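Architecture at a glance
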Amino acid sequence: MPANRGLRIGLVGTGFMGRTHSNAYHQVRHFFPRERGVELVAVCSRNEENARNFAAQWGFASHGTDWNKLLERDDIDLIDIASPNDTHAEIAIAAARAGKMVACEKPLGRTLDEARRMAEAVEHAGVANMVWYNYRRVPALTLAKQMIDEGRLGRIFHSRFKFLQDWTMSAELPQGGAGTWRLDAGVSGGGVTGDLLAHCIDAALWLVGPVAEVSGTAETFIRERVHALSGTRQPVTAEDASLFLARFANGSLATFEATRFARGHKALFTLEVNGERGSIAWDLHDLHRLQFFDHDGEGALRGWRSIHVTDGDHPYMKAWWVPGLQIGYEHTFVHQVADFLAGLRTGGKLVPDFRDGLAADAVVEAVLRSAKSRRWETVEENSGQARLEGVG
Ligand SMILES: NC(=O)c1ccc[n+]([C@@H]2O[C@H](COP(=O)([O-])OP(=O)(O)OC[C@H]3O[C@@H](n4cnc5c(N)ncnc54)[C@H](O)[C@@H]3O)[C@@H](O)[C@H]2O)c1
């Protein structure tokens, strides 16, 4: 694969994430010209007409309905999995065996076992891999990570994470099928823990460090729904809400909450980290701002400051407009592609990779185990994160 040619992409899935990834592939060559860019070789979706329209709209050279065909092509370097969770393990493992690089949407697997097999498959094949935990690439959160790594917060004692939505409150909403596969645990693997809370968990592992043990509780408020494919009423086994307490390996404590039943909230992801020397807070609805309390400042003048993360010396911002002009949600995917291409160019670490995805899935699994046992549960697999980024 010549380094001057764009990375050749075979995309699976033409829904929400198929669009964010395709948009990122287009933008990266304009805003990160140092990287080699991408070629949109093929896109695959379950429905032929969708795949054809998507290919025309987003500039993919070919389209189809069978992802296996993408693996047979020698003009594709990377398989990008943007399809529902029940497809992740099968496609990723087959792609790795075919020698393709793999980018996979989160959660990595439906179960910890699937995630383990996926991580082992890419490592055994020696192929580059990543998981789309895109919130790491919000410039304000990247800045927060830098500040924590520089020790500006000092020893961390507390953190708190929330992801709130309200879109599944109606009992008339079906489970399963195209728009509501998330409510069918056979497809999704579970409810909000592996869906919304997984973003919080990844952010926590990245910012604070490995989680040692958790105590969780979960609830399915609407226990039966019509299945969109069969038309029959069936029990719902995906949880609507999930809350847990965590103890980290570094001795700090955290609270987590995710629900699709918080009326009025569409996608409210918030986090706060409190250390000995300072605190940071962030809110997805105001994603270009980082709140920072610096206890090292002059006593009488101490207070929370709101950093508008739009200046040329802020992470990623030099690539965009002029200081003071903000960017948004879609840019996090552009940054993830740019960082992946930069990692391929320099041989640097590509994060988050499947080990990181596995680490997040291990916390998800421990939370659901704890919700059942009603006890504190140990996280089985946190060595990946410890190995990659160090504790705390
Ligand atoms: N990173 C994030 O913030 C984020 C946000 C939303 C979703 N996701 C994840 O992205 C994935 C996709 O979610 P979405 O919201 O885009 O779903 P979606 O329902 O909008 O789109 C799913 C797409 O996958 C296609 N598909 C399903 N089965 C397929 C198969 N066997 N072969 C080929 N195509 C198939 C469908 O035709 C559809 O185009 C999920 O794993 C989800 O958890 C991540």
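Here's a quick rundown of the structure. Just so you know, these numbers come straight off a predicted model, no measurement behind them. (Residues numbered from 1 in each chain as written. Predicted model: local features only at pLDDT ≥ 70, side-chain atom pairs only at ≥ 80, totals over all residues.)

What to know about unusual backbone geometry
As a reminder of what qualifies: Secondary structure elements are defined from DSSP: runs of H or I of at least 4 residues count as helices, runs of E of at least 2 residues count as strands, and each element is numbered from the N terminus.
The step from Lys106 to Pro107 runs through a cis peptide bond, and the omega angle for that step is -10 degrees. If you trace the backbone, Pro107 turns up in the loop between β5 (101–104) and α5 (112–125). Of note, the bond from Val351 into Pro352 is cis; its omega dihedral lies within 30 degrees of zero at -5 degrees. Along the chain, the position of Pro352 falls in the loop between α9 (330–346) and α10 (354–373). Positioned with a positive phi, Tyr316 is a non-glycine residue whose angle comes to about 70 degrees. With respect to the element layout, Tyr316 can be found in the loop between β16 (304–308) and α9. Its identity as a non-glycine residue notwithstanding, Arg374 has a phi of 60 degrees, on the positive side. Residue placement: Arg374 occurs in the loop between α10 and β17 (377–378).

Concerning helix α6 (residues 139–149)
Put simply, the test is: Exposure classes come from backbone-placed C-beta atoms, where a residue is buried if 20 or more other C-beta atoms lie within 10 Å of its own, exposed if 12 or fewer do, and partly exposed in between. Remark: residues whose backbone-derived C-beta atoms lie within 7 Å of one another are considered to be in contact.
For α6, the tally of buried residues reaches 8 of 11 residues, placing the bulk of the element in the interior. Every buried residue belonging to α6 is among Pro139, Ala140, Leu141, Thr142, Leu143, Ala144, Met147 and Ile148, and all of these are buried. In the core, the buried residues of α6 are packed alongside α8 (196–207), β13 (268–275), β14 (278–283) and β15 (289–294). Within two residues after α6, Gly151 carries a phi angle of roughly 85 degrees, on the positive side.

Observations concerning the site of the ligand
What counts, and what does not: What makes a residue near a molecule or strand is its C-beta atom, placed from the backbone, lying within 6 Å of it. In this classification, the charged set is Asp, Glu, Lys and Arg, the nonpolar set is Ala, Val, Leu, Ile, Met, Phe, Trp, Tyr, Cys and Pro, and all remaining amino acids, among them Gly, are polar.
Among the 22 residues in the neighbourhood of the ligand, the closest are listed as Gly13, Gly15, Met17, Ser83 and Glu105. Counting residues per element, the shell around the ligand draws most heavily on helix α1 (residues 16–31), which supplies 3 residues. In terms of residue class, the shell around the ligand is built from 8 nonpolar, 10 polar and 4 charged.

Some words on the pairing of strand β11 (residues 241–248)
Worth spelling out the cut-off: Any two strands between which DSSP finds at least two bridges are classified as paired.
The element β11 is extensively covered by neighbouring structure, given that 6 of its 8 residues are classed as buried. Pairing analysis gives 8 bridges linking strand β8 (residues 211–219) to β11, with the strands arranged antiparallel. Looking at β11, one finds that Glu219 is bridged to Ala241. Bridge analysis of β11 against strand β12 (residues 253–259) gives 7 bridges, and the strand direction is antiparallel. The residue of β12 that forms the bridge with Phe244 is Phe256. Turn length for the β11-β12 hairpin, with the two strands adjacent in sequence and antiparallel, is 4 residues, and the turn residue Gly251 shows positive phi of about 90 degrees.

Quick notes on the sheet that holds β13
Heads up, the rule is: Here an axis means a line fitted to C-alpha atoms, over the contact stretch when the element is a helix, while the angle between two N-to-C directions is reported on a 0 to 180 degree scale.
In space, the 9 strands of this open sheet follow the order β16-β15-β14-β13-β7-β12-β11-β8-β17, with mixed pairing throughout. On the outer flanks of this sheet lie β16 and β17, each paired with one strand and no other. Along the sheet face, α6 touches β13, β14 and β15 and points at about 165 degrees away from the line of β14. The sheet contacts of α8 involve β7 (156–164), β8, β11, β12 and β13, and relative to β7 the element is tilted by about 160 degrees.

Purely geometric stuff here, so don't read any function into it on its own.
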